[in-house]
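As a plain string of letters, each chain reads:
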Amino acid sequence: MLVVLAVGAGFLLPSSVHVERDLLMDAEPADIFALISDFNAWDAWSPWAQLDPDATMQITGQGLNQTMTWSSENPQVGQGSQVIVSLAAPNLLKTHLDFGSQGMADATFNLVSEDGKTRVVWSLDTDMREGLPLWQQPISTYFGFAMDAMLGPEYETGLQNLKGLVES
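No experiment lies behind these values; they were computed from the predicted model shown.

Caption draft 1: The arrangement of the packing of aromatic side chains in detail. Applying the stated criterion to the full structure yields 10 aromatic pairs. Taken together, a centroid distance of 5.2 Å and an interplanar angle of 80° make the contact between Phe39 and Trp42 edge-to-face. There is no split in this pair, since Phe39 and Trp42 are both buried. Ring geometry for Trp48 against Trp122: centres 6.0 Å apart, planes inclined by 85°, an arrangement best described as edge-to-face. Placement of Trp48 in helix H3 (residues 47-51) and of Trp122 in strand S7 (residues 117-127) is noted, with a sequence separation of 74 residues between them.

Here it is as structure tokens:
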């Protein structure tokens, strides 16, 4: 009975997840935007590039619709693709991520000028049930409660890496 209630609650709980981190950088938005709006520059600051330097990476196109696909044996990196879906230089970048059977998400970078510096806000939004088979949806909903704790530190590392790069 308890298992049935837990599964049923998994369908009733909110499935939307938002993860966000920000960091103030002593750099102009355009300098930061150049490093986030081109996937070819991500190896220099991405926390996932550091986790598996041997991951297979393919980047096609440039600007809007530029696509990055990756594959790694490291489960923290995994496999998937990311495409740039919106660019508003030098303040906004949006991407759509596809993790295959693990679902999809949208990531956003907002660059906001503050007293001669730039606050970089990196966020991710996803629906933990979207694109998953019905039997996986309640379990995935429960994992949504851990997303901030799992992904937040990676975003913090990436922002620190980006800050070090643009301020050097």
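The rest of the description comes next.
Caption draft 2: Broad picture of the environment of Pro138. Tracing the chain through its elements places Pro138 in helix H4 (residues 137-144). Pro138 sits in the buried class, given a relative accessible area of 3%. Taking the C-alpha atoms as reference points, Pro138 and Leu12, separated by 126 residues in sequence, lie 8.5 Å from one another.

Caption draft 3: Local environment of H4. For H4, the set of buried residues is Gln137, Pro138, Ser140, Thr141 and Gly144. For H4, the angular spread of buried residues about the axis comes to 160°, placing them on one side.

Caption draft 4: Representation of the pattern of salt bridges within the structure. Within the structure shown, the criterion is met by five salt bridges. In this structure, Arg119 engages Asp22 in a salt bridge whose closest nitrogen and oxygen atoms are separated by 2.6 Å. Placement of Arg119 in strand S7 and of Asp22 in strand S1 (residues 16-25) is noted, with a sequence separation of 97 residues between them. Across the pair Arg119 and Glu114 runs a salt bridge, and its minimum N-O distance is 2.8 Å. One salt-bridge network, in which partners are shared between bridges, spans Arg21, Asp148 and Glu156.

Criteria and cut-off values
- Residues numbered from 1 in each chain as written.
- Predicted model: local features only at pLDDT ≥ 70, side-chain atom pairs only at ≥ 80, totals over all residues.
- Heavy atoms only, no water.
- Phe/Tyr/Trp six-rings, centres within 6.5 Å; stacked < 30°, edge-to-face > 60°.
- Buried < 20%, exposed > 50% of the residue type's maximum accessible area, 1.4 Å probe, protein only.
- Helix = DSSP H or I, 4+ residues; strand = E, 2+ residues; numbered from the N terminus.
- Arc of directions from axis to C-beta.
- Salt bridge = Lys/Arg side-chain N within 4 Å of Asp/Glu carboxyl O.

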